[in-house]
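# An overview of the molecular structure
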Amino acid sequence: MSKSLSVFAAGATVLVLGGAYYLADSLVEKGGTADQTVTFVAGTEPAAEEKVETAAAGPETAVAAVQTVAAGMAKPVAAEGGAASLEGAGGDADYADEGFMPSGKLGLGREALPEEIAAWNIDVAPYDKGLPPGQGSVADGEEIFAEKCAMCHGDFGEGVDRWPVLAGGQGTLTADRPVKTIGSYWPYFSTVWDYVHRAMPFGNARSLTNDEVYAIAAYLLYVNDLVDEDFVLNQDNFASIHLPNENGFYMDDRDKVEYPVFRREPCMTNCKGEVKIVMRARVVDVTPEDAVARKRAEEAAKKAAMKAREGAGAATPAAAPAPAAPAEESKAAPAAETKPMETASAAADPALVKKGEKVFKKCKSCHAVGPGAKNKVGPELNGLIGRPVGSIEGFRYSKGMKALHDAGKVWDEAFFAEFIKNPKGTVKGTKMSFRGLKKDSDVEALIAYLKQF
Amino acid sequence: MTEQNGGPKTSRRKFLTSALIAGGSAAAAPFARAASPDPAITEIQPWNQELGWGVDAKPYGMPSQYESHVVRRNVEWLTASTESSVNFTPLHELDGIITPNGLCFERHHAGAVEIDPSKHRLMIHGLVEKPLVFTMEELMQFPRINRIYFLECAANTGMEWKGAQLNGCQFSHGMIHNVMYTGIPLKFLLEQAGVKPNGKWLLAEGADSSGMTRSIPMFKALDDCMVAFKMNGEALRVEQGYPLRLIVPGWEGNMWVKWLRRLEVGDEPWHHREETSKYTDLMADGRARRFTWVMDAKSVITNPSPQAPIITGPGPVVLTGVAWSGHGKIKRVDVTLDGGKNWHKARLSGPSLSKSMHRFYFEFEWDGRPLLLQSRAIDETGYVQPTKDELRKIRGVNSIYHNNGIQTWYVNEQGIAENVEIS
């Protein structure tokens, strides 16, 4: 104990503040000096200075530090709030400062400049509140959509895989499986403009010009049969657009419809007669594999069978209870097929690979790489460098990629570098909407990273 | 509420408890006998002989290797990409009321982004006297408070509307976590800018590439909302919005905007994507409820459950679970072992805080016969958690969100549990 004390004490006066409580504890244990140290913590009594001096620190600095503490304490922030907090801290309060609400202005922060507000305040609300000027036609929108949106949403907004469906679905809201699209469900058109502008394309947000957003929005009206093919959307006609389901919404009414029903005296005994199982998750069988849960179930079954045997007087039939479903499923656990990384080229520079991993963040919304990587919006990239172009089975490549495949082109480092710096310029018609990496150093790092898989 | 504590099972439980207290008299619990000495005792174990690792071997401590299965899990078929997806808190592995930071479920709309706090700003503008910008350092100069709240995704249990589907409370109920936040009362922050009298709504916006936005009514913003920078004592985790997130106690998780960078005061809601095309509740008649903010009272038994069967056979069982309400505190949780014929009051344990998870226990002696387990929460407003069928009767099965119906686990003779629905 004394050893640690001397370490702290010798650690100069900077430690006076941070180490105060520690010192206090230590001194109390040494006995006799508890009073002095408590005052020291409060930082007002001369005894404190003495203590610091004996602790072999520069006395002047120590005094200064103590004074700073005293000055700080003299000016409590938000005094009114402090008072309120005392009232709030009744004996029954769950939180000691329940009801604490400081008030007054602290003068922190600074005034936001108009340019700063303009940079961030991009939100658009019904029907055209906050909408910037611009225009776009259905025809332009079709082209942009095909290039930047269709890989997920389909050429006509029909949706690819599990990506959102944007068109159709009218009249399905009461159906078994409602299709909720801009045309069938969304109440306000301004939401479309706002969302595309702030968040699309997925993984390359804020990259569309205002006119492009207008054009895409116009096209989305068109594929929902709400405008003709020659329609041009602009800031003047925007507010005249009303979506079909605008009046399909109403304010949460649970407080009227549900709460009076569910605020009730619950039944405790003999509440119902026979109880039957009417539905089982096991039948649907869509739960992800959980090896531990399965092992536990097997263990339970084993134990139950054992106990049954143990307790088997004449009463228990020899047959063990029917094995439970999880146990009988011999779906071998996907034995954690983590391929070790050492298969990669030993010469890889770890720093470069690390950097490449960062660069890959730009790719990973569409591409997967690594053990078990599957095709996403783009093909999986395992073994990319050195593999033939357009060679992943089951992936629908663009015409451009298919042509290269047929020509026997291979993804060597040079060709990949060329492509990734300018995708659309290198492979005409590629579905990849990525604009390209600018820096050669990023390209180099990305290649180093991809070569790990 | 009437006090009906009867039923044979409860009395057995009482008997068991008193037997335990009495030191387990031989008559009450005949002890098992070992056939041979236990090597775990008779053999010297390596940890009893060798040195463990030194301090600083693991500067940021992690759980034991024997707990490596306690992780968040994803249901892959739910979404098109992991960057716009959700994973689930392993509720069946947890106890008490606090969710460890690394196990808090994730929901991202454009991936979890790592923000350099020195480049993060919070802007307050719109219908205010003076638009303001704060750095993180300046926010740290504000008085702060500590509060424990649950965050539940409105879509939690959303896959169960049409029937029992996912076998495990992690998947059926794991879009929830319960955390102590440190942050600034939102009301005080807004006061710095001075909200104008016609400022009735607040738009909260995140800094990630989904540009997440939600409209929040001013009455809530001025009530108990917070702008938080710490969770369970340490900085917010990246996947929970580091360095700054909005706390909207008791209301659906989608509103708790992560990576919070902007608060705009307005006179009307913005009707953005996440409050129109999503997070609106489609009813059976084809119309939809909007602004269904509050999370109603709900509970679930976490053990036993499909991922946590009874592996000890007949004998004492600790049934436990969690309950919560966006309307305040949980007053009571009832538990049934027979599918709702008879109910027993569970024991709430640990802190009982408004809009926080509550932990409940019901210890009983299992006789090895099949069980139909359910729990129902009752909150301080007297709201009793409804059955799923009661909800379906009012809402139909296509509302996705706000499914707080009573969950049933069927436990068979072997102790194996399954997600079922009962008559």
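Heads up: the structure comes first, above all this text.
Summary of the structure given here. Since this is a predicted model, take the numbers as computed values, not measurements. Every chain's residues receive numbers from 1 upward, in the order its sequence appears when written. Lettering for chains starts from A, numbering for ligands starts from 1, and both go in the order in which the items are written. This being a predicted model, a pLDDT of at least 70 is required before a residue's local features are given, and a value of 80 or more before pairs of side-chain atoms are given or counted; all residues contribute to the totals for chains, interfaces and linings. Side-chain measures here rest on the full set of heavy atoms in the structure, leaving out hydrogens and waters.

### Quick look at the environment of Met-432 of chain A
Residue and element names in this part refer to chain A. Using the following cut-off: Here a strand is any run of E in DSSP of at least two residues, a helix any run of H or I of at least four, and the numbering for each starts at the N terminus. We call two residues contacting when some pair of their heavy atoms lies within 4.5 Å.
Here Met-432 shows up in the loop between α21 (423-426) and α22 (440-450). On a C-alpha basis, the gap between Met-432 and Tyr-397 in space is 9.9 Å, while along the polypeptide they are 35 residues apart. Each residue touching Met-432, except ones within four places of it in the same chain, is listed here: His-367, Phe-419, Ile-420, Pro-423 and Lys-424.

### Description of the packing of aromatic side chains
Note the following rule: Pairing of aromatic rings covers Phe, Tyr and the six-membered ring of Trp, with a centre-to-centre limit of 6.5 Å; geometry is then stacked below 30 degrees between planes, edge-to-face above 60, and tilted otherwise. Burial status follows relative accessibility: with a 1.4 Å probe on protein chains alone, a residue under 20% of its type maximum counts as buried, one over 50% as exposed, and anything between as partly exposed. Put simply, a charge is over a ring when the Lys NZ or the Arg CZ is close to the ring centre, within 6 Å, and near the line of the ring normal, within 35 degrees.
All chains considered together, the criterion is met by 28 aromatic pairs over all chains. With 6.0 Å between their ring centres and 70 degrees between their planes, Phe-219 of chain B and Trp-251 of chain B make a pair best called edge-to-face. Of this pair, Phe-219 of chain B sits in helix α6 (residues 218-221) while Trp-251 of chain B sits in the loop between β12 (245-247) and β13 (260-266), placing them 32 residues apart in sequence. Judged by relative accessible area, which is 56%, Phe-219 of chain B ranks as exposed. Overall, the relative accessible area of 6% leaves Trp-251 of chain B in the buried class. Cluster of aromatic residues (ring-pair linked, three or more members): Trp-201, Phe-219, Trp-251, Phe-291 and Trp-293 of chain B. Lying across the ring of Phe-415 of chain A, Lys-409 of chain A places its NZ or CZ 4.5 Å from the centre. Stacked on the ring of Tyr-95 of chain A, the Lys or Arg Arg-147 of chain B has its end atom at 4.5 Å from the ring centre.

### Let's talk about the interface of chain A and chain B
Here is the rule we go by: Two parts placed together each lose some accessible area; with a 1.4 Å probe, that loss summed over both constitutes the buried area. We define a salt bridge as a side-chain nitrogen of Lys or Arg found within 4 Å of a carboxyl oxygen belonging to Asp or Glu. Counted as a polar contact is a pair of N or O atoms within 3.5 Å, where, for protein atoms, one must be capable of donating a hydrogen and the other of accepting one, and residues adjacent in sequence contribute only when both atoms are in side chains. Polarity classes work like this: nonpolar for Ala, Val, Leu, Ile, Met, Phe, Trp, Tyr, Cys and Pro, charged for Asp, Glu, Lys and Arg, and polar for all others, with Gly in that last group.
Contacts between chain A and chain B engage 107 residues on the former and 131 residues on the latter. For the pair chain A and chain B, the two sides together bury roughly 10200 Å², of which 56% comes from carbon and sulfur. Contact with chain B buries area across many residues of chain A, yet Trp-120, Tyr-250 and Met-268 of chain A alone supply 9% of it, more than any other trio. Across the pair Asp-253 of chain A and Arg-289 of chain B runs a salt bridge whose closest N-O atoms are separated by 2.8 Å. Summed over the shared surface of chain A and chain B, the result is 56 residue pairs in polar contact (both at pLDDT 80 or more). In the side of chain A that touches chain B, the residues fall into 55 nonpolar, 14 polar and 38 charged.

### Focus on the side chain of Arg-332 of chain B
Relative to the helices and strands, Arg-332 of chain B is located in strand β18 (residues 330-336). Among the polar contacts made by the side chain of Arg-332 of chain B, one reaches the side chain of Asp-334 of chain B at a distance of 2.7 Å.

### Describing helix α20 (residues 413-421) of chain A
Working note: α-helix, 3.6 residues per turn, so residues spaced by three or four point in the same direction. Residues of α20 of chain A that are buried: Phe-415, Phe-416, Ala-417, Phe-419 and Ile-420 of chain A. If you follow the buried residues of α20 of chain A, they end up packed against α19 (399-406), α21 and α22 of chain A.

### So, the pattern of salt bridges
Pairing of side chains with opposite charge becomes possible as their charged atoms draw close. All chains considered together, the criterion is met by 47 salt bridges over all chains. A salt bridge links Asp-255 of chain A to Lys-256 of chain A, with the nearest nitrogen and oxygen atoms 3.8 Å apart. One network of salt bridges, in which partners are shared, links Asp-123, Asp-194 and Arg-198 of chain A together with Glu-205, Arg-261, Arg-262 and Glu-264 of chain B.

### So, the nonpolar core
The line we're drawing: Take the buried residues of types Ala, Val, Leu, Ile, Met, Phe, Trp, Tyr and Cys, join any two whose side-chain atoms come within 4.5 Å, and each joined set is a nonpolar core.
Counting 66 residues, the largest nonpolar core has Leu-139, Tyr-181, Leu-186 and Leu-189 of chain B as its most contacted members. Not counting residues within four places of it along the chain, the set of residues in contact with Leu-189 of chain B comprises Leu-122, Ile-124, Phe-134, Leu-139, Phe-142, Ile-184 and Val-227 of chain B. Counting 46 residues, the second largest nonpolar core, distinct from the first, contains Phe-145, Trp-186, Leu-208 and Val-223 of chain A.

### Re the state of the cysteines
Here is the rule: When two cysteine sulfur atoms are found within 2.5 Å, that pair is recorded as a disulfide.
If you walk through the whole model with that rule in mind, you get 1 disulfide over all chains. The disulfide that involves Cys-267 of chain A links it to Cys-271 of chain A, with 2.1 Å between the sulfurs. Between Cys-267 of chain A and Cys-271 of chain A, the S-S dihedral sits near -100 degrees, and the bridge is therefore left-handed. On the accessibility criterion, Cys-267 of chain A (35% relative accessible area) is partly exposed. Overall, Cys-271 of chain A belongs to the partly exposed group, its relative accessible area being 28%. Not engaged in a disulfide, the cysteine Cys-104 of chain B finds its nearest cysteine sulfur in Cys-153 of chain B; these two sulfurs lie 14 Å apart. For Cys-225 of chain B, which is in no disulfide, the shortest distance to another cysteine sulfur is to Cys-153 of chain B and amounts to 17 Å. The exposure class of Cys-225 of chain B is buried, given its relative accessible area of 2%.

### Points about the packing of helix α11 (residues 189-199) of chain A against helix α12 (residues 210-223) of chain A
The packing of two helices is summarised by the inter-axis angle and the distance between the axes. All names here are of chain A. Quick reminder of the rule: In this description, a line fitted to the C-alpha atoms serves as the axis of each element, helices being fitted only across the stretch in contact, and the angle between N-to-C directions of two axes falls anywhere from 0 to 180 degrees. With respect to orientation, any angle under 35 degrees is reported as roughly parallel, any angle over 145 as roughly antiparallel, any angle of 65 to 115 as roughly perpendicular, and every other angle as oblique. Handedness of each helix crossing follows the sense of rotation of the near helix against the far helix: counterclockwise by less than a right angle gives left-handed, clockwise gives right-handed.
The N-to-C vectors of α11 and α12 enclose an angle of 135 degrees; their axes lie 10 Å apart at closest approach. For the element pair α11 / α12, the angle class is oblique. With respect to the hand of their crossing, α11 and α12 are arranged in right-handed fashion. When α11 is examined against α12, the residues Phe-189, Val-192, Trp-193, Val-196 and His-197 are found in contact with a partner set consisting of Asn-210, Val-213, Tyr-214, Ile-216, Ala-217, Leu-220 and Leu-221.

### Section: the environment of Tyr-250 of chain A
By the element assignment, Tyr-250 of chain A lies in strand β4 (residues 249-251). Owing to a relative accessible area of 17%, Tyr-250 of chain A belongs among the buried residues under this scheme. Separated by 146 residues in the primary sequence, Tyr-250 of chain A and Arg-396 of chain A have C-alpha atoms spaced 43 Å apart. Those residues within four positions of Tyr-250 of chain A in sequence are excluded, and the remaining contacts are Met-283, Arg-287, Ala-288, Arg-289 and Arg-290 of chain B.

### So, unusual backbone geometry
The peptide bond linking Met-200 of chain A to Pro-201 of chain A adopts the cis configuration, its omega dihedral lying at -5 degrees. Here Pro-201 of chain A is to be found in the loop between α11 and α12. In this structure, Pro-243 of chain B follows Tyr-242 of chain B across a cis peptide bond, with omega equal to 10 degrees. Positionally, Pro-243 of chain B belongs in the loop between β11 (234-235) and β12. Even without a glycine there, the phi angle at Asp-161 of chain A is positive, about 50 degrees.

These figures come from the coordinates and say nothing about function on their own.
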